[in-house]
Amino acid sequence: MAEAQVSAAPARIGWKAGFAPLAVPIFRLVWLASIVSNVGSWMQTVGAQWLLVQDDGSPLLVALVQTASAAPVLLFAIPAGVIGEFLNRRLVLLWSQIVQLAVVLGLTYLTATGQTTTTVLLASTFVLGTVSAIQLPAFQALVPDIVPPKLLLDAASLSSIGVNIARAVGPAIAGLVVAQFGVAAVFLLNALSFLVFLGVLFFWKTY
């Protein structure tokens, strides 16, 4: 029996094994939706920084955009972990996407009409960062609920790959969109990315 287990192990090694979680339909949908949402988030950060540069903002203000986005992860890590552990994770993700969608749509309107101030921009970025920090533990804890235990390691690796894909693609897309259509278009695309994730969560009937 032990020999059979040892001989079976190498058969799993290979690139196909690493993509095995994608055969689970709900994981595949959530994984793709999370990539789209993360791409939108990176686009949002680039668009916010670009807007400040356009308005002759100081280097400090431009750097504060990244600070306002990342600081909530440190500030709210503990309460976010509690929320992700004890509340319905699907509902946490649903409400997180709805709040972020509302904030980004408001920011899109203000930017398109030339009413976005530095204070509004930084405050909106901080709110988006806070909601993102709250939903992160819920999303991470969700993976064991939707894939079999034997696929958890591969699922975690795919999640990391998705984050890196978004980090590489998001700023590039944002630069192209800003050059062609302006910053408001970047914010609007981020809003659409939240709709993609919301669509997956709304039609998910198994949790």
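Residues numbered from 1 in each chain as written. Predicted model: local features only at pLDDT ≥ 70, side-chain atom pairs only at ≥ 80, totals over all residues. Heavy atoms only, no water.

Participant: What am I meant to see in the packing of helix α8 (residues 152-181) against helix α9 (residues 183-202) here?
Facilitator: Following both chains from N to C, one finds α8 and α9 inclined at 130°, their axes separated by 7 Å at the closest point. Comparing the axis directions of α8 and α9 gives the class oblique. In this structure, α8 contributes Ala 174, Val 177, Val 178 and Phe 181 to the contact, and α9 contributes Val 183, Ala 185, Val 186 and Leu 189. Split into classes, the residues belonging to the contact of α8 with α9 amount to eight nonpolar, no polar and no charged. (Axes fitted to C-alpha atoms, helices over the stretch in contact; angles between N-to-C directions. Helix = DSSP H or I, 4+ residues; strand = E, 2+ residues; numbered from the N terminus. Parallel < 35°, antiparallel > 145°, perpendicular 65-115°, else oblique. Contact = heavy atoms within 4.5 Å. Nonpolar A, V, L, I, M, F, W, Y, C, P; charged D, E, K, R; others polar.)

Participant: I keep staring at the packing of helix α6 (residues 89-112) against α9 and nothing clicks. Help me out?
Facilitator: For any two helices packed against each other, the geometry is given by the interaxial angle and the distance between the axes. Viewed as axis vectors pointing N to C, α6 and α9 meet at an angle of 160°, and their least axial separation amounts to 9 Å. By the angle between their axes, α6 is roughly antiparallel relative to α9. With respect to the hand of their crossing, α6 and α9 are arranged in left-handed fashion. Looking at the contact of α6 with α9, its residues break down into 19 nonpolar, five polar and one charged. (Left-handed = near helix turned anticlockwise from the far one by under 90°.)

Participant: Teacher, can you tell me more about the nonpolar core here?
Facilitator: In globular proteins that are soluble, nonpolar side chains generally tend to be buried together. One finds Phe 27, Leu 121, Val 186 and Phe 187 to be the most contacted residues of the largest nonpolar core, which totals 48 residues. At the level of secondary structure, the elements contributing two or more residues to this core comprise α3 (25-54), α4 (59-75), α6, α7 (118-146), α8 and α9. Counting residues per element, this core draws most heavily on α3, at twelve residues. (Core = buried A, V, L, I, M, F, W, Y, C linked by side-chain atoms within 4.5 Å. Buried < 20%, exposed > 50% of the residue type's maximum accessible area, 1.4 Å probe, protein only.)

Participant: It is not clear to me how the confidence of the model for the chain should be interpreted in this structure. Could you clarify?
Facilitator: Any residue range with low pLDDT should be treated as having predicted coordinates unsuitable for detailed reading. With 89% of its residues at a pLDDT of 70 or more, the chain shows a mean pLDDT of 83. Here residues 1-13 is a poorly scored stretch, pLDDT under 50, and it has three contacts once near neighbours within four places are set aside; other chains count. (pLDDT = per-residue confidence, 0-100.)

Participant: What exactly am I supposed to notice about the pattern of salt bridges here?
Facilitator: Where charged atoms of side chains with opposite charge meet at close range, the side chains can pair. For the structure on display, the rule yields one salt bridge. With its nearest N and O atoms 2.6 Å apart, the salt bridge here joins Asp 145 to Arg 89. Of the two residues, Asp 145 sits in helix α7 while Arg 89 sits in helix α6, which places them 56 residues apart along the sequence. Since its relative accessible area comes to 39%, Asp 145 is described here as partly exposed. Overall, the relative accessible area of 13% leaves Arg 89 in the buried class. (Salt bridge = Lys/Arg side-chain N within 4 Å of Asp/Glu carboxyl O.)

Participant: Explain a nonpolar patch on the surface to me, please; I cannot follow it from the model alone.
Facilitator: Where nonpolar side chains cluster on the molecular surface, the patch consists of Leu 91, Trp 95, Ile 98, Phe 202 and Phe 203 and spans about 570 Å² of accessible area. If one sorts the elements of the nonpolar patch by residue count, α6 sits on top with three residues. By the element assignment, Ile 98 lies in helix α6. (Patch = residues over 30% accessible without salt bridge, like charges linked within 9 Å, V, L, I, M, F, W, Y side chains within 5 Å. Areas by Shrake-Rupley, 256 points an atom, 1.4 Å probe, with all protein chains shown as cover.)

Participant: Can you help me understand the packing of aromatic side chains in this one?
Facilitator: One pair of aromatic rings is described through two measures. These are the centre distance and the angle between the planes. A full pass over the atoms with the stated rule returns two aromatic pairs. Judged by centre distance (6.4 Å) and plane angle (65°), the ring pair of Phe 76 and Phe 126 falls under edge-to-face. Linking Phe 76 in the loop between α4 and α5 (77-86) with Phe 126 in helix α7, this pair joins segments that are 50 residues apart in sequence. Among the residues examined, Phe 76 registers a relative accessible area of 27% and is labelled partly exposed. Here the aromatic rings of Phe 139 and Phe 197 are separated by 6.3 Å at their centres, their planes lie at 90°, and the arrangement is edge-to-face. Of this pair, Phe 139 sits in helix α7 while Phe 197 sits in helix α9; the two residues are 58 residues apart in sequence, bridging distant segments of the chain. (Phe/Tyr/Trp six-rings, centres within 6.5 Å; stacked < 30°, edge-to-face > 60°.)

Participant: What am I meant to see in α4 here?
Facilitator: Because each turn of an α-helix spans 3.6 residues, side chains separated by three or four positions in sequence point in the same direction. Over its 17 residues, α4 runs 24 Å from end to end, which matches the ideal 24 Å to within 8%, given 1.5 Å per residue. At Ser 69, α4 shows its strongest bend, of approximately 30°, with the proline Pro 72 following within four residues. Inspection of α4 places Val 62, Val 65, Ala 68 and Pro 72 among the buried residues, and these make up the whole buried set. Buried-residue contacts for α4 involve α3, α5 and α7. (Expected span 1.5 Å × (residues − 1). Bend = angle between axes of the 7 residues up to and from the residue.)

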